[in-house]
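# Descriptive structure summary
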Amino acid sequence: MANVIRPYGDTLDDGKVQLSFTLPVPDGPRGREAARLSVLGWGFKDCEVVHSAAVSDEFSFYVAYATTEAGLDYDLVQSAEVHSEDQVMSMDETNDYIRAKLGRKIVLVGACTGFDAHTVGIDAVMNMKGYNHHFGLERYPMIEAYNLGAQVPNEKLIEFAARVKADAILVSQIVTQKDVHVENMTQFIELLEARGERGRFVCIAGGPRISNKFAVELGYDAGFGKGTYAEHVATFVAKKLVEKSLA
Amino acid sequence: MRNKLGLSKERIDRARELAERIALPVLDFVAGHTTVTVERAALRLIGADGSNADGAPVPNLVVDQLKGQLESGALAPYVNALLRSGGGVGELNAKIAGGLKVTDFPLGDRAAVRRKTEELVAEGLKRVGLSRKHREAKLEEWKDRNSKPLLYLIVATGNIYEDVKQAQAAALKGADVIAVIRTTAQSLLDYVPYGATTEGFGGTYATQENFRIMRAALDEVAEREKRYIWLTNYASGLCMPEIAAMGAIERLDMMLNDSMYGILFRDINMYRTFVDQKFSRMINAYAGITINTGEDNYLTTSDAFEKANTVLASQFLNERFAYAAGMPARLMGLGHAMEMEPGIENGFLYELAQAQMAREIFPEAPLKYMPPTKFMSGDIFKGHVMDSMFNFISKATDQGIHLLGMLTEAIHTPFMMDRFLGLESAKYVMNSMAGFSDEIEFREGGIVKTRANKVLEETVVFLEEIAQKGLLDSIAQGLFADVKRPKDGGKGLEGLVKKGPEYWNPVEDELKKALGLAR
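Here's a quick rundown of the structure. Since the structure is predicted, the reported quantities are computational estimates derived from the model, not experimental observations.

## Notes on the packing of helix 6 (residues 110–141) of chain B against helix 20 (residues 506–515) of chain B
All names here are of chain B. Running from amino to carboxyl end, helix 6 crosses helix 20 at an angle of 50 degrees, the nearest separation of the two axes being 10 Å. Judged on the interaxial angle alone, helix 20 and helix 6 are oblique. Of the two elements, helix 6 crosses helix 20, and the hand of that crossing is right-handed. Residues Thr117, Val121 and Leu125 of helix 6 pack against Pro506, Val507, Glu510 and Leu511 of helix 20. Along the lines of polarity and charge, the residues of the contact of helix 6 with helix 20 split into five nonpolar, one polar and one charged.

And the structure:
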């Protein structure tokens with residue numbers, strides 16, 4: 001039996017959605033009507049424009065509430081995320097797991113690659129202090145973590161990883177404007193393959209706009225997006241390495 | 001400026017004394033060196049401009065031709081070529097772009113070269129001086145029309161023409177300052193691209209033509225609104241002095257310019273950076289450009305609560321290096337940010353203490369206060385509340401330059417409506433509490449006073465340690481932002497040149513004279 005869901009405002013199945021957007025027209029009654037008709041044009045049933053304001057002479061901002069009749073069968077939904085929260089190990093569990101199953105430290109190298117200058121993602125996952133009360137990989141006793149920082153060329157990252165005999169490489173990409181990350185991430189995998197070393201490392205991609213599905217398509221073992229903490233990455237890498245060691 | 005925090009004058013004086021002692025050996029080194037970009041900046045100020053068919057800028061072509069003899073400076077060979085080849089600066093630039101080498105002309109009548117160079121330097125600096133006077137006149141004409149603090153917004157489309165639309169919209173809605181974010185790769189380019197650009201990632205190339213386009217667009221809004229609109233760009237990176245020179249010529253009003261940012265956060269060689277920052281700041285000072293320093297970066301890298309003292313220490317050092325470049329305090333937009341984890345109990349009070357402390361220690365500096373970024377999530381509603389708290393602190397502590405928070409920080413480069421909402425929030429909060437700072441006192445022994453005094457004390461201890469180790473070794477050992485940078489590592493070291501006995505740079509000489517610098 002289908003389990004159909006719709007947005008919930010204050011009554012089951014009322015389908016209420018809140019929207020805000022800008023139109024390239026002046027603010028005023030005509031603009032508000034244009035906003036209302038636009039929302040209906042997107043497939044919503046009713047629309048109430050509750051607020052409008054001039055952003056400039058030629059642009060106007062709207063807040064609107066609308067109703068959708070579209071429903072979704074929740075039973076058919078599958079998540080593309082690599083981890084489900086109940087399988088994520090804590091820092092201590094991960095360390096015990098590595099000690100028991102591998103009996104040695106894992107070596108892990110991370111960097112924000114290409115021209116991307118933003119270390120915020122790789123720092124959140126790797127720095128000792130971590131982020132939002134989640135310790136970073138540098139804190140894990142059974143992980144030897146190297147954070148190479150930002151604007152690291154793919155070649156340099158791979159060379160460094162080979163030199164320290166890394167088990168896993170973490171590639172962070174924050175800037176995704178005009179899909180600049182796609183080329184860079186692809187080049188990384190191609191370089192590894194050209195050197196015949198793709199199999200040598202577990203390759204992870206991360207960033208606010210990176211999904212697991214996207215990363216796997218580009219040839220990575222996994223991708224981690226928004227809401228990722230060190231333990232998600234550590235769990236995946238540890239399990240993957242154990243899997244590899246058994247294979 | 002009322003002293004609300006009871007900060008010890010003796011401790012503040014001690015911190016300044018330490019900063020002076022820390023900077024001294026670095027400045028000794030700086031005095032004996034030049035860099036490729038210092039020479040290119042001087043060339044630009046006397047008219048070197050344009051690029052060849054491959055996009056290599058004329059100043060780079062000249063400096064590359066002089067490889068091995070840069071220890072005497074680049075100006076004399078350039079002007080010698082000008083005199084020998086006949087014609088004006090524009091014609092010489094075109095010839096150089098076409099393949100002419102300035103080294104093909106043996107150095108001729110030195111007195112004539114000297115006279116001509118001095119004439120070109122005077123012309124170049126006169127142009128910068130006129131820009132400065134224009135800004136001063138407009139600020140006087142429209143005084144009290146800007147918000148206090150100045151409301152600062154960023155545009156970052158990658159396309160200068162799209163930037164113009166967004167910047168004009170933001171300025172019309174009340175933004176006082178527009179900063180054009182640079183494309184993410186530019187800080188590591190050892191040249192400045194030429195011409196208008198429409199392709200960039202996470203920002204737009206800083207080029208002289210782009211500066212000119214945005215300047216004209218903002219002047220248009222300013223005339224209409226009778227309110228001066230400040231234009232900001234980034235000097236930081238491998239071309240600090242050159243971008244400062246371009247900004248001086250095109251009347252930029254603010255430039256991001258930190259004495260150590262390039263070293264710590266862009267892995268640029270430390271010797272190179274210290275030489276570059278000095279010359280760039282001399283140009284900024286002469287042009288009346290307000291610098292924005294980068295202390296906010298310490299807080300996104302390290303923990304804002306635990307490492308608050310590194311921010312204050314860096315502010316003292318930035319102040320010292322700016323004074324050493326002839327810059328008055330009123331041009332020092334010393335940076336800091338509200339980046340503590342929002343879940344900390346009384347976090348608001350600690351942030352308030354930090355902001356008020358900076359205000360009292362640097363009373364003349366137009367402090368640049370940066371909004372939360374590190375703990376901004378996809379929850380735009382919470383983000384908007386955090387930004388409102390930030391707006392409150394900024395007004396309550398009389399900050400000078402207020403970078404508006406964006407509710408969609410951490411999601412995308414701001415949409416037009418995001419900027420609009422940020423501006424509306426700031427205007428609402430700041431208007432409704434306009435007189436708050438005059439009303440409020442802090443309780444003796446309370447959280448705010450205690451915190452501020454503690455951070456000051458920790459800063460003095462930290463500066464003592466740096467003074468003992470030396471600044472370069474302190475950076476090498478990772479005392480700042482947990483980042484370790486070896487002295488001979490990093491990018492751009494090959495562009496550092498020891499000044500020879502014949503070194504001649506009349507741009508530098510004139511700037512020193514005008515700024516009252518002994519060295």
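Structure's up, so let's keep going.
## Considering unusual backbone geometry
Between Lys148 of chain B and the following residue, Pro149 of chain B, the backbone shows a cis peptide bond with an omega angle of -5 degrees. The topology assignment puts Pro149 of chain B in the loop between helix 6 and strand 2 (150–155). In the Ramachandran plot, Gln151 of chain A falls in the positive-phi region, its phi being about 55 degrees despite a non-glycine side chain. Following the sequence through the fold, Gln151 of chain A ends up in the loop between strand 7 (143–147) and helix 4 (154–163).

## Some thoughts on the interface of chain A and chain B
Each partner contributes residues to the interface: chain A has 29 residues there, and chain B has 33 residues. Remark: the boundary between chain A and chain B carries one salt bridge. Measuring nitrogen to oxygen at the nearest pair gives 3.0 Å for the salt bridge that ties Arg224 of chain B to Asp57 of chain A. Between the two partners, chain A and chain B, sit four residue pairs in polar contact (both at pLDDT 80 or more). Secondary structure elements with two or more residues in the side of chain A that touches chain B: strand 2 (16–23) and strand 3 (47–54) of chain A. Counting residues per element, the side of chain A that touches chain B draws most heavily on strand 2 of chain A, which supplies four residues.

## Some thoughts on the pattern of salt bridges
Residues and elements named next belong to chain B. For the coordinates displayed, the defined rule picks out 46 salt bridges over all chains. Put simply, Glu464 and Arg14 hold a salt bridge, and the shortest N to O gap is 3.0 Å. Note that Glu464 is positioned in helix 18 (residues 447–469) and Arg14 in helix 1 (residues 9–31), a separation of 450 residues in sequence. Under the relative-accessibility criterion, Glu464 is labelled partly exposed at 31%. A relative accessible area of 17% means that Arg14 is categorised as buried. Note that Glu209 is salt-bridged to Arg212, the shortest N-O span being 2.6 Å. In this pair, Glu209 and Arg212 are both assigned in helix 8 (residues 208–225), three residues apart and thus about one turn of the helix distant. Accessibility expressed as a relative area gives 28% for Glu209, which makes it partly exposed.

About the criteria used
Residues numbered from 1 in each chain as written. Chains lettered and ligands numbered in written order. Predicted model: local features only at pLDDT ≥ 70, side-chain atom pairs only at ≥ 80, totals over all residues. Heavy atoms only, no water. Axes fitted to C-alpha atoms, helices over the stretch in contact; angles between N-to-C directions. Helix = DSSP H or I, 4+ residues; strand = E, 2+ residues; numbered from the N terminus. Parallel < 35°, antiparallel > 145°, perpendicular 65-115°, else oblique. Left-handed = near helix turned anticlockwise from the far one by under 90°. Contact = heavy atoms within 4.5 Å. Nonpolar A, V, L, I, M, F, W, Y, C, P; charged D, E, K, R; others polar. Salt bridge = Lys/Arg side-chain N within 4 Å of Asp/Glu carboxyl O. Polar contact = N/O pair within 3.5 Å; in protein donor to acceptor, adjacent residues only side chain to side chain. Buried < 20%, exposed > 50% of the residue type's maximum accessible area, 1.4 Å probe, protein only.

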